[in-house]
Amino acid sequence: MAHVVELTYYPIKGCAGTSPGEALVTPAGLAHDRSFMVVSEEGVFRTQRRDPRLSLIRPEVGAGGERLVLWAPGYEALHVDVDASGARRPVDLFGNPYQGIDQGDTAAAWLSDVLRAPSRLVRVPPEHDRVTDGRTPGTSGYADSCALHMLSRSTLDLLNAKVAERGGSPLPMDRFRPNVVVGGWDEPHTEDRAHRITLGDAELGYAKLAIRCAVTLVDQETGTRDGPEPLRTLAGHRRAAEGGVAYGAKFAVLRPGKVTVGDEVDVQVWGDSEL
């Protein structure tokens, strides 16, 4: 039986995640997932593609989202009282214009110090009405695209076997930053074909394959690039029709609800892989 073995939400886009035993699936994904984003002074989002030190920042959400604590090695923890109603400012995410609520100069100074580049912290405003693409449309906060990213253990096991054939070391799951990790699927890449899923009280609809980028080259513990894997190995067997390499699948939320580690992953509708 397939089941949920790990849940992870990433409060700040590009920063470290939190892995609870249970989580609420909202229309935009796991509660608090990518509800904050680090931007340049010009409002352009920061990403591990260019700023791998983002992975060193470990946010903790408290008081139902009203407080945020930021941790990073060698820095004092910063406590932020979250502003959810302040003035909006324009932000840029992959060239698309959105709005963000700036979280103040103290948070900006702390982030600028850790990242070694002038930075601001913004929060998704309540009226955020982003529409995501794919076979099943949905919404999300500041995620790259869809609400939820799913990956299975068997998919990672296959990749690590292929990496080992090239003389490489196994890669941890956190290189791929999934929201939901599934165990019990014997066949790798089963998530590609699971087009309608229930897990816990929630229901998900398949949107598209996850196209991978240079973030997968970043060691999430050290904040440094550690390539060329996994992109070198993935290029040999996971080339997507539209370009790039595909690994994992993205889902939209059809029905919100609570999900707990250990919940059965029940596939209601199967389909062909888009690969």
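A quick note: this is a predicted structure, and the numbers were derived from the prediction, not measured.

So, how was this worked out
- Residues numbered from 1 in each chain as written.
- Predicted model: local features only at pLDDT ≥ 70, side-chain atom pairs only at ≥ 80, totals over all residues.
- Heavy atoms only, no water.
- Helix = DSSP H or I, 4+ residues; strand = E, 2+ residues; numbered from the N terminus.
- Buried < 20%, exposed > 50% of the residue type's maximum accessible area, 1.4 Å probe, protein only.
- Salt bridge = Lys/Arg side-chain N within 4 Å of Asp/Glu carboxyl O.
- Pairing = 2+ DSSP bridges.
- Axes fitted to C-alpha atoms, helices over the stretch in contact; angles between N-to-C directions.
- Contact = heavy atoms within 4.5 Å.

### So, unusual backbone geometry
Line of reasoning, step 1. Cis rather than trans, the peptide bond between Gly227 and Pro228 has omega equal to 10 degrees.
Line of reasoning, step 2. Following Glu229, the chain continues to Pro230 via a peptide bond in cis, the omega torsion being 15 degrees.
Line of reasoning, step 3. The residue His32 is not glycine, and still its phi comes out positive at about 75 degrees.
Line of reasoning, step 4. Assignment of secondary structure puts His32 in the loop between β3 (29-30) and β4 (36-39).
Line of reasoning, step 5. His32 gets classed as partly exposed once you look at its relative accessible area, which sits at 30%.

### Here's the deal with the pattern of salt bridges
Line of reasoning, step 1. Applying the stated criterion across every chain, the model contains 19 salt bridges.
Line of reasoning, step 2. The partner of Asp226 in a salt bridge is Arg175, and the shortest N-O contact between them spans 3.1 Å. One end of the pair, Asp226, is in the loop between β16 (224-225) and α3 (231-234); the other, Arg175, is in the loop between α2 (153-165) and β12 (180-183), with 51 residues separating them in the sequence.
Line of reasoning, step 3. A salt bridge links Arg196 to Glu203; the nearest nitrogen and oxygen atoms lie 2.5 Å apart.

### With respect to the pairing of β12
Line of reasoning, step 1. Of the two faces of β12, the one carrying Val180 and Val182 and the one carrying Val181 and Gly183 are both buried.
Line of reasoning, step 2. When strand β1 (residues 3-7) meets β12, the two strands line up antiparallel, connected through four bridges. Across the sheet, the residue bridging to Leu7 is Val180, located in β12.
Line of reasoning, step 3. Taken together, the three bridges between strand β11 (residues 148-152) and β12 define a ladder with parallel strand orientation. The partner of Leu151 across the bridge, within β12, is Val181.

### Some details on the sheet that holds strand β8 (residues 88-93)
Line of reasoning, step 1. Taken in spatial order, the four strands make up an open sheet running β4-β10-β9-β8, and their pairing is antiparallel. The sheet is open, and its two edges are formed by β4 and β8, each paired on a single side. In this sheet, neighbouring strand axes are inclined to one another by 50 degrees on average, regardless of whether the strands run parallel or antiparallel.
Line of reasoning, step 2. The pairing of β8 with strand β9 (residues 96-102) spans six bridges and is classified as antiparallel. Bridge pairing in β9 places Arg88 opposite Ile101.
Line of reasoning, step 3. The sheet strands contacting helix α1 (residues 105-115) are β4 and β10 (120-123), and the helix crosses β10 at an angle near 125 degrees.

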